[in-house]
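Here is what each chain is made of, one letter per residue.
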Amino acid sequence: MKKTIFFTVLFSIINIHSNSQECIIPDATVVNLKSAGYTYTPGGATKYLRVFIHFVQKDDGTGNFNEVDDGLSPANAYNGYEFADYIINYANSLLAGNQAMRLQPFGNVPVYDPGYRYKLSGVFFWKNSSLYNYYYALSALMNNYGQCTNSVINIFMTSEQGLTGGYVRHIGDNAIILFKAYKNYIESVNNNNNWYNSGTAKLINHEAGHCLNLYHTMLTNSGKCSNSHDDFCDDTPTIQQMLDLSEPDPCCWNDTYCSNNLMDYNADQSSITPDQLNIIHDELDNDKINFLECNYENSNIDICDFGTESEAYIAESITVLNSCSSQSSVILNGQTIYLTANEVIFNPGFEVQTGGKLNVLINPVCN
Ligand SMILES: [Zn+2]
């Protein structure tokens, strides 16, 4: 059985300004081009970074999206699968609409298509009141529910905890926790306005930026404005560099002089610079190369038992029940299995019970 999954490639064509800078006299005390200019080369094949969305509910299944509806009362027939699809598409469309940097004190900063998008590769639902209500839950969530952790960014949507919208545990992480996604969705329903979800889409892009080795451009890791904070990019000025030019402090939320960079805290969070793209693509080409669609950590997996929990498997080739001691395996009621591969071979003996879900994700582009 081979199932073909189609997907929409979002892309945009952005004019790249060739800017002459003959009149600018480099001032070595201000301009410190650590990377000696913009070395990111746009125009390569778009890279698709696999992501899973996990909805963490309370023990009784409330407090979040579920598999059939949005969990509100009265509930809307808009379930977690649909929201996961919607919010990842939203984040992708923001990437496609990469904005020009508002702060360009050293000359024109080119605007490139970021060259990467997310590939939603699985949606999961878990019941756990204590982790639902815990700010520092991310490591425990990964231990309990993380899937394919060398191949996918696992995104957990829990409840509203703390002041931040979410976090990663460290630069280069493979996991994200989001706190306000469900609250933002409720606001969108109550106000009949999808704009309330934009914060969630921006936050996914921001936290994924950390997963792809980006630092805040003007904030410490704990989120405090810091005049001389170094993000290892030359096209994202520090606060002090702006102050030295007699400009207002750009570490602010929403004004014409505030940063609009993805990696600051601001209302836009929609600009990624060439130097930032250098860092992102270096990570995608190396440590996270197996997180990209069509790339695999494992060449072959032979599944002998689907167990009892929802789970994902990713390999270039997946064989179900090939050389297993017991030639039977059952996907139970309430259990969801995702298989992502270039080919999947099913041998006799497996069964999907009523209420069980088997998703086979094969992208023909990879073959
Ligand atoms: Zn951050």
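Residues numbered from 1 in each chain as written. Predicted model: local features only at pLDDT ≥ 70, side-chain atom pairs only at ≥ 80, totals over all residues. Heavy atoms only, no water.

**Student:** Explain the overall build of the protein to me, and be specific about the residues and the numbers.
**Tutor:** If you tally the helices and strands in the protein, you get seven helices and 13 strands. Considering the protein as a whole, with its 367 residues, one finds that 50% of them fall into the buried category. At a minimum sequence separation of 6, the contacts of the protein that also span at least 24 residues come to 65%. (Helix = DSSP H or I, 4+ residues; strand = E, 2+ residues; numbered from the N terminus. Buried < 20%, exposed > 50% of the residue type's maximum accessible area, 1.4 Å probe, protein only. Contact = heavy atoms within 4.5 Å.)

**Student:** Mind laying out the coordination of the zinc ion, listing which residues take part and the relevant values?
**Tutor:** Protein-derived ligands of the zinc ion are His 206 (NE2), His 210 (NE2) and His 216 (NE2), with the metal-ligand distances lying across 2.0 to 2.1 Å. Motif for the zinc ion, donor spacing along one chain: H-x3-H-x5-H. (Donors = N, O, S within 2.8 Å, 3.2 Å for Na, K, Ca; no water.)

**Student:** So what's going on with the side chain of Asp 231? Which residues, and what values?
**Tutor:** Secondary-structure assignment places Asp 231 in the loop between helix 5 (198–211) and helix 6 (239–244). When its relative accessible area of 3% is taken as the criterion, Asp 231 is described as buried. One polar contact links the side chain of Asp 231 to the main-chain amide nitrogen of Cys 233, over a distance of 2.9 Å. Separated by 2.6 Å, the side chains of Asp 231 and Thr 236 make a polar contact. Excluding anything up to four places from it in sequence, Asp 231 contacts Tyr 215, His 216, Thr 217, Thr 236, Gln 276 and Ile 279. (Polar contact = N/O pair within 3.5 Å; in protein donor to acceptor, adjacent residues only side chain to side chain.)

**Student:** So what's going on with the packing of helix 1 (residues 80–96) against helix 5? Residues and values would help.
**Tutor:** Two elements in contact, helix 1 and helix 5, have axes whose closest approach is 8 Å; the angle formed by their N-to-C orientations is 70 degrees. Considered as vectors, helix 1 and helix 5 are oriented roughly perpendicular to each other. Between helix 1 and helix 5 the crossing geometry is right-handed. Residues Ile 87, Ile 88, Tyr 90, Ala 91, Leu 94 and Leu 95 of helix 1 pack against Ser 198, Thr 200, Ala 201, Lys 202, Ile 204 and Asn 205 of helix 5. Considered class by class, the residues forming the contact of helix 1 with helix 5 number eight nonpolar, three polar and one charged. (Axes fitted to C-alpha atoms, helices over the stretch in contact; angles between N-to-C directions. Parallel < 35°, antiparallel > 145°, perpendicular 65-115°, else oblique. Left-handed = near helix turned anticlockwise from the far one by under 90°. Nonpolar A, V, L, I, M, F, W, Y, C, P; charged D, E, K, R; others polar.)

**Student:** Now, about the nonpolar core: what can you tell me, with residues and values included?
**Tutor:** Grouped together as the largest cluster of nonpolar side chains are 69 residues, with contacts concentrated most on Phe 55, Tyr 116, Tyr 118, Met 157 and Ile 204. Element by element, the count of residues in this core is highest for helix 1, at eight residues. Taken domain by domain, the makeup of this core includes at least three residues from each of domain 1 (47–290) and domain 2 (296–366). In this structure, Val 320, Leu 321, Ile 337 and Ala 341 belong to the second largest nonpolar core, which totals 17 residues. (Core = buried A, V, L, I, M, F, W, Y, C linked by side-chain atoms within 4.5 Å. Domains from an automatic or database assignment.)

**Student:** Quick rundown of unusual backbone geometry? Include the residues and the values.
**Tutor:** Of the consecutive residues Ser 73 and Pro 74, the connecting peptide bond is found in the cis state with omega at 0 degrees. Summarising the element assignment, Pro 74 is placed in the loop between strand 1 (47–57) and helix 1. Non-glycine residue Cys 148 carries a positive phi angle of around 45 degrees. As for its position among the elements, Cys 148 is in the loop between helix 3 (138–145) and strand 3 (153–157). The backbone of Ser 246 shows a phi angle near 65 degrees, a positive value even though the residue is not glycine. Along the chain, Ser 246 falls in the loop between helix 6 and helix 7 (274–285).

**Student:** Please provide a residue-by-residue account of the packing of aromatic side chains, values included.
**Tutor:** Counted by the stated rule, this structure contains 28 aromatic pairs. A connected cluster of aromatic rings, assembled from ring pairs, spans Phe 55, Phe 65, Tyr 78, Tyr 81, Phe 83, Tyr 86, Tyr 90, Phe 125, Tyr 182 and Tyr 185. Sitting over the ring of Phe 291, Lys 288 keeps its end group 5.6 Å from the ring centre. (Phe/Tyr/Trp six-rings, centres within 6.5 Å; stacked < 30°, edge-to-face > 60°. Lys NZ or Arg CZ within 6 Å of the ring centre and 35° of its normal.)

**Student:** Report on the state of the cysteines, specifying residues and quantitative values.
**Tutor:** Counting across every chain of the model gives four disulfides. Across a sulfur-sulfur distance of 2.0 Å, Cys 252 and Cys 258 are joined as a disulfide pair. With the S-S bond torsion at -120 degrees, the cross-link from Cys 252 to Cys 258 turns out left-handed. Neither residue differs from the other here; Cys 252 and Cys 258 are each classed as buried. Two residues, Cys 294 and Cys 366, share a disulfide whose sulfurs are 2.0 Å apart. Handedness of the Cys 294-Cys 366 disulfide follows from its S-S torsion of about -70 degrees: it is left-handed. Taken as a pair, Cys 294 in the loop between helix 7 and strand 6 (300–303) and Cys 366 in the segment after strand 13 (357–361) lie far apart in primary sequence, 72 residues in all. The connectivity of the disulfides in the protein is 1-2, 3-4, 5-8, 6-7, where the numbers refer to bonded cysteines in sequence order. (Disulfide = S-S within 2.5 Å.)

**Student:** An account of the environment of Cys 225 is needed here, citing residue identities and associated values.
**Tutor:** The topology assignment puts Cys 225 in the loop between helix 5 and helix 6. For the pair Cys 225 and Cys 252, spaced 27 residues apart in the sequence, the C-alpha separation amounts to 8.9 Å. Among residues more than four places away in sequence, those in contact with Cys 225 are Met 218, Leu 219, Ile 239 and Cys 251.

**Student:** Provide a residue-level description of the sheet that holds strand 1, including the pertinent values.
**Tutor:** Spatial ordering of the open sheet is given by 2-1-3-5-4, a layout of five strands whose pairing is mixed. Each edge of the open sheet carries a strand with a single partner, namely strand 2 (116–127) and strand 4 (166–167). Pairing geometry for strand 4 and strand 5 (residues 175–178), over two bridges, is antiparallel. In the strand pairing of strand 5, Gly 166 is matched with Leu 178. (Pairing = 2+ DSSP bridges.)

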